Amino acid sequence: MRIAVLSDIHANLRALEVVLATLGEVDAVWHLGDVVGYGPDPDAVVERLRGLGAIGVCGNHDTAALGGPEIAYFNVDARRAMEWTRETIAPTTREWLTTQPERRSESDFSLVHGSPRDPTWEYVTTAPAARLGLEFVTTPYVLNGHTHLPLVFRDVDGLVETITPADGSVLRLDGRPVMANPGSVGQPRDGDPRASAMVLDTERSELRWYRVAYDIAGTQAAMRAVGLPARLIERLDHGL
Ligand SMILES: [Mn+2]
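All figures in this text were calculated on a predicted structure; none of them were measured in a lab.

Asker: In this structure, what is going on with the nonpolar core? I would like to understand it.
Answerer: Side chains of nonpolar character tend, in soluble globular proteins, to be buried together. Core analysis: the largest hydrophobic core is formed by 40 residues, its most contacted members being Leu-6, Leu-16, Val-19, Leu-23 and Leu-49. Take this core: its biggest share by element is 5 residues, from helix H1 (residues 13-23). Each residue touching Leu-16, except ones within four places of it in the same chain, is listed here: Leu-6, Ile-9, Val-45, Arg-48, Leu-49 and Val-185.

Asker: Hey, could you run me through the sheet that holds strand E11 (residues 195-201) in this one?
Answerer: Strands pair in a sheet through their backbones, by hydrogen bonds, and they do so in one of two ways: parallel or antiparallel. In spatial order, the strands read E3-E2-E1-E11-E12-E9; together these 6 strands make up an open sheet with mixed pairing. Lying at the two open borders of the sheet, with one neighbouring strand each, are strand E3 (55-56) and strand E9 (170-172). Pairing of strand E1 (residues 2-6) with E11 involves 4 bridges; the strand directions are antiparallel. From the neighbouring strand, Val-5 faces E11, where its bridge partner is Met-198.

Asker: Sorry, what's going on with the coordination of the manganese ion here?
Answerer: The expected angle between donors at a tetrahedral four-coordinate metal is 109.5 degrees. At an octahedral six-coordinate metal it is 90 or 180 degrees. The protein atoms that coordinate the manganese ion are Asp-8 (OD), His-10 (NE2), Asp-34 (OD) and His-148 (NE2), at distances spanning 2.1 to 2.4 Å. When its relative accessible area of 0% is taken as the criterion, Asp-8 is described as buried. For His-10, a relative accessible area of 1% gives the class buried.

Asker: Help me out: how do you make sense of the pattern of salt bridges in this one?
Answerer: Counting across every chain of the model gives 12 salt bridges. Across the pair Arg-104 and Glu-106 runs a salt bridge whose closest N-O atoms are separated by 3.6 Å. For Asp-190, the salt bridge identified is with Arg-211, shortest N-O distance 2.7 Å. Linking Asp-190 in the loop between strand E10 (178-182) and E11 with Arg-211 in strand E12 (residues 206-212), this pair joins segments that are 21 residues apart in sequence. Arg-211 sits in the buried class, given a relative accessible area of 11%. Overlapping salt bridges bring together Asp-190, Asp-192, Arg-194 and Arg-211 as one network.

Asker: Honestly, the pairing of strand E2 (residues 28-31) in this entry has me stumped. Any pointers?
Answerer: Strand residues, when the strand is regular, have side chains that alternate between the two faces of the sheet. Going residue by residue along E2, you find Ala-28 and Trp-30 tucked away on one face and Val-29 and His-31 tucked away on the opposite face as well. In this sheet, E2 lies alongside E1 in parallel orientation, the contact comprising 4 bridges. Residue Ile-3 lies in a different strand from E2, and its bridge partner there is Ala-28. This β-α-β element, E1 to H1 to E2, shows right-handed connectivity. Sheet topology places E2 next to E3; 2 bridges connect them, and they run parallel. Bridging across to E3, His-31 finds its partner in Gly-56.

Asker: Looking at this structure, how should I read the packing of helix H7 (residues 216-225) against helix H8 (residues 230-238)?
Answerer: Packed helices, taken two at a time, are described by their axes: the angle between them and the distance between them. For the pair H7 and H8, interaxial distance at closest approach is 9 Å and the crossing angle is 175 degrees. Between H7 and H8, the crossing angle belongs to the class labelled roughly antiparallel. Contacts from Ile-216, Thr-219, Gln-220, Met-223 and Arg-224 of H7 reach H8 at Leu-232, Ile-233, Glu-234, Leu-236 and Asp-237. A breakdown of the residues in the contact of H7 with H8 according to their chemical character gives 5 nonpolar, 2 polar and 3 charged.

Asker: Quick question: what am I supposed to make of the packing of aromatic side chains here?
Answerer: The geometry of an aromatic ring pair is captured by two quantities: the separation of the ring centres and the angle between the planes. Applying the stated criterion to the full structure yields 4 aromatic pairs. A centroid spacing of 5.9 Å and a plane angle of 65 degrees characterise the contact between Trp-30 and Phe-109, whose relative ring orientation is edge-to-face. Placement of Trp-30 in strand E2 and of Phe-109 in strand E5 (residues 109-112) is noted, with a sequence separation of 79 residues between them. There is no split in this pair, since Trp-30 and Phe-109 are both buried.

Asker: What am I meant to see in the sheet that holds strand E6 (residues 141-143) here?
Answerer: Ordered by their spatial adjacency, 6 strands build an open sheet running E4-E5-E6-E10-E7-E8, and the pairing between neighbours is mixed. Either end of the sheet is taken by a strand with one partner, and the two such strands are strand E4 (103-106) and strand E8 (159-163). Each strand of the sheet is rotated relative to its neighbour by a mean of 20 degrees, with strand direction disregarded. Across 3 bridges, the pairing between E6 and E10 is parallel. Residue pairing for E10: Leu-143 is matched across the bridge by Ala-180.

The rules behind each value
- Each chain carries its own residue numbering, running from 1 in the written order of its sequence.
- A pLDDT threshold of at least 70 governs which residues receive local features in this predicted model, and a stricter bar of 80 or more applies before side-chain atom pairs are shown or counted, although totals over entire chains, interfaces and linings include all residues.
- Heavy atoms from the whole structure form the basis of all side-chain values; hydrogens and water molecules are not counted.
- Buried Ala, Val, Leu, Ile, Met, Phe, Trp, Tyr and Cys residues that are joined via side-chain atoms within 4.5 Å together make up what is termed a nonpolar core.
- For each residue, the accessible area found with a 1.4 Å probe, counting protein chains only, is set against the maximum for its type, and the residue is called buried under 20%, exposed over 50%, and partly exposed in between.
- Counting from the N terminus, the helices are the DSSP runs of H or I reaching at least four residues and the strands are the DSSP runs of E reaching at least two.
- Throughout, a residue-residue contact means that at least one pair of heavy atoms, one from each residue, lies within 4.5 Å.
- By definition, two strands form a pair when at least two bridges between them are found by DSSP.
- Here a donor is an N, O or S atom found within 2.8 Å of the metal, or within 3.2 Å if the metal is Na, K or Ca; sites may look incomplete because water is not among the atoms.
- The salt bridge definition used is simple: a Lys or Arg side-chain nitrogen within 4 Å of an Asp or Glu carboxyl oxygen.
- Assignment of crossover handedness uses the view with strands pointing away from the viewer, where a clockwise path from the first strand over the helix to the second indicates a right-handed crossover.
- Every axis in this analysis is a line fitted to C-alpha atoms, fitted for helices over the stretch in contact. Angles between the N-to-C directions lie between 0 and 180 degrees.
- For classification purposes, an angle smaller than 35 degrees is called roughly parallel, one larger than 145 roughly antiparallel, one from 65 to 115 roughly perpendicular, and anything else oblique.
- Classes in brief: Ala, Val, Leu, Ile, Met, Phe, Trp, Tyr, Cys and Pro nonpolar; Asp, Glu, Lys and Arg charged; the others, Gly included, polar.
- Here a pair means two rings of Phe, Tyr or Trp (six-membered ring of Trp) with centres within 6.5 Å. Their orientation is stacked below 30 degrees between planes, edge-to-face above 60, and tilted elsewhere.

These results come straight from atomic positions and should not be treated as a statement about function.
Following this line, the structure appears as structure tokens:
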């Protein structure tokens, strides 16, 4: 099976469509949360994922969109965008978001937004944090998002190594514990404004990363049209 692994789409439909076209034929779509928030197309993105039969987990922006207390911890721009998201989303979007669990496991893979220890909030950016997360699950592999950074931690005989995947990078899954982050479809933060995504090939036991250029100006125009914060619009140019 070829499985698209998408995280932090953040209501960016243009980025999502180009990513799906680039990844090509897939047998399944797994998402790692933060489907909505920041971006201008929450209903259309959820509709698209629903149509694809995507399964996944909720992120902190998804639970905030449902009225959760997470919004209190957002910065001023994220909060304004979330208030708009809450007012905008259709009942069907709300229903779909409600069905997304905090964590799920699919064969050898645990899916979470932040980390296995704290699916809602923990940002895994260091090897020690990854080690604690990997100890928390019974599957060899963890797929996570939240940081918006394509990043891999692999436990090599008790030493956790850090790998920063680029476009086209391939990681072979050989049984050693791995925590892998596809990066963000809708709001990359590693300085590369292109959408980031990953494909899991279960026959070959490998992960492959993709970076995909999309119509950033189109997303920015859509954000401007609904009055989303200027700083959120601008950061898409820089991938920050
Ligand atoms: Mn996010």
